[in-house]
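Here are the chains, one letter per residue:
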There are 2 protein chains.
Amino acid sequence: MQFSVRLPVATHILLCIEKFHGECKTTSTFLAGSVNVHPVIIRKTLGQLRAAGLVEVAAGVGGAKLTKSPNDITLLDVFRAVEEDEDLFHFQENPNPKCPVGRNIHQVLGTRLEKIKQHMEDELARITLEELLNAVNENEGG
Amino acid sequence: MQFSVRLPVATHILLCIEKFHGECKTTSTFLAGSVNVHPVIIRKTLGQLRAAGLVEVAAGVGGAKLTKSPNDITLLDVFRAVEEDEDLFHFQENPNPKCPVGRNIHQVLGTRLEKIKQHMEDELARITLEELLNAVNENEGG
DNA sequence: AATAGATGTAATAACATATATTACAATCGA
DNA sequence: TCGATTGTAATATATGTTATTACATCTATT
């Protein structure tokens, strides 16, 4: 089990939008060429990022740009833009209420797993787009 | 996206095995009645827990028991028993190597996400079966 | 040794989710 | 108006999860 490709793809998109800002128009086809997915996937993802207030997309003429500084966009913003807000683990729906374990498992295990998800989100919140962009630029010898 | 029901189900199974130890034989049918899944799911999960060295299952006569103290079994043990060891997030296979973002995204984002998974596992490792069993017993007024 | 109750495992079905792709109406600058 | 683009629906394909049936195998007990 692993999370879908959506967070990495959305992050890739945002990094490209910023990296190529001013240089070329970041259309869905252009972005699809870098990420290597179908342009429609890019457009859907851009739609989610737009709904989350992270980007503006120019209808008709095309191209996208960030609505905030890369320093103000975190991986948690991206995560929430493209993933449902749900428990980290799926729980069995109807454990037996006549069993002492069955009637307590969800509360006992669930609260602990919720904390772990919370911590995961805290860590995502500490990684900014700017940090990632700097890391890319450093790898490029910049 | 969320992890499958397997960790919660496997944990439920282990808790029942320990809770009912000495009281009754914890067969796949008995456990299925508490968890509320098909007995074959229980047998498959017990097979994974057995392969991980966490339980012994009596062939023929039936019933399962823990091979270690509940204090020595952590949620990380259970997690590893029932989930593949893979990245937390799925990465797009072939980003464009001609793009500065495409040729660096996996390394830059991947290393950071790996750390997050590592921390998640560290937290799972801190939760023991004993802690969960105590919490269940406390909820029962015990 | 025969039996009854269990396990281990394969095969299949039903369902959900993810990704790719086609199609096309709507949008907007030139 | 034209051409490039977006937004979105519809569909297809693949994969993963859970439920279920079936059955060979195992073992304590009679």
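Scope of this entry: the structure provided in the associated data block. By convention here, each chain's residues receive numbers from 1 onward along its written sequence. Written order determines the labels here, with chains lettered from A and ligands numbered from 1. Confidence filtering applies because this is a predicted model: local features only for residues at pLDDT of at least 70, side-chain atom pairs given and counted only at 80 or more, and all residues used for totals across whole chains, interfaces and linings. As a rule here, side-chain values cover all heavy atoms of the structure and leave hydrogens and water aside.

## Considering the pattern of salt bridges
One side-chain nitrogen of Lys or Arg within 4 Å of one carboxyl oxygen of Asp or Glu is enough to make a salt bridge. Evaluation of the coordinates by the stated rule reveals 12 salt bridges over all chains. One salt bridge in this structure joins Asp85 of chain A and Lys117 of chain A, with 3.5 Å as the shortest N-O distance. Of this pair, Asp85 of chain A sits in the loop between α4 (75-82) and α5 (105-125) while Lys117 of chain A sits in helix α5, placing them 32 residues apart in sequence. Think of it in three bands: residues with accessible area under 20% of the maximum for their type are buried, residues over 50% are exposed, and the middle band is partly exposed, with areas taken using a 1.4 Å probe on protein chains only. Residue class for Asp85 of chain A comes out exposed when judged on its relative accessible area of 71%. Classification of Lys117 of chain A as buried rests on a relative accessible area of 11%. We note a salt bridge from Glu121 of chain B to Lys117 of chain B, for which the minimum N-O separation is 3.6 Å. Placement of the pair is Glu121 of chain B and Lys117 of chain B together in helix α5 (residues 105-125), with a separation of 4 residues, close to one helical turn. The two residues Glu121 of chain B and Lys117 of chain B agree in class, both being buried. Overlapping salt bridges bring together Arg80, Asp85, Lys117 and Glu121 of chain A as one network. Secondary structure elements are taken from DSSP: a helix is a run of H or I of four residues or more, a strand is a run of E of two residues or more, and numbering for both begins at the N terminus.

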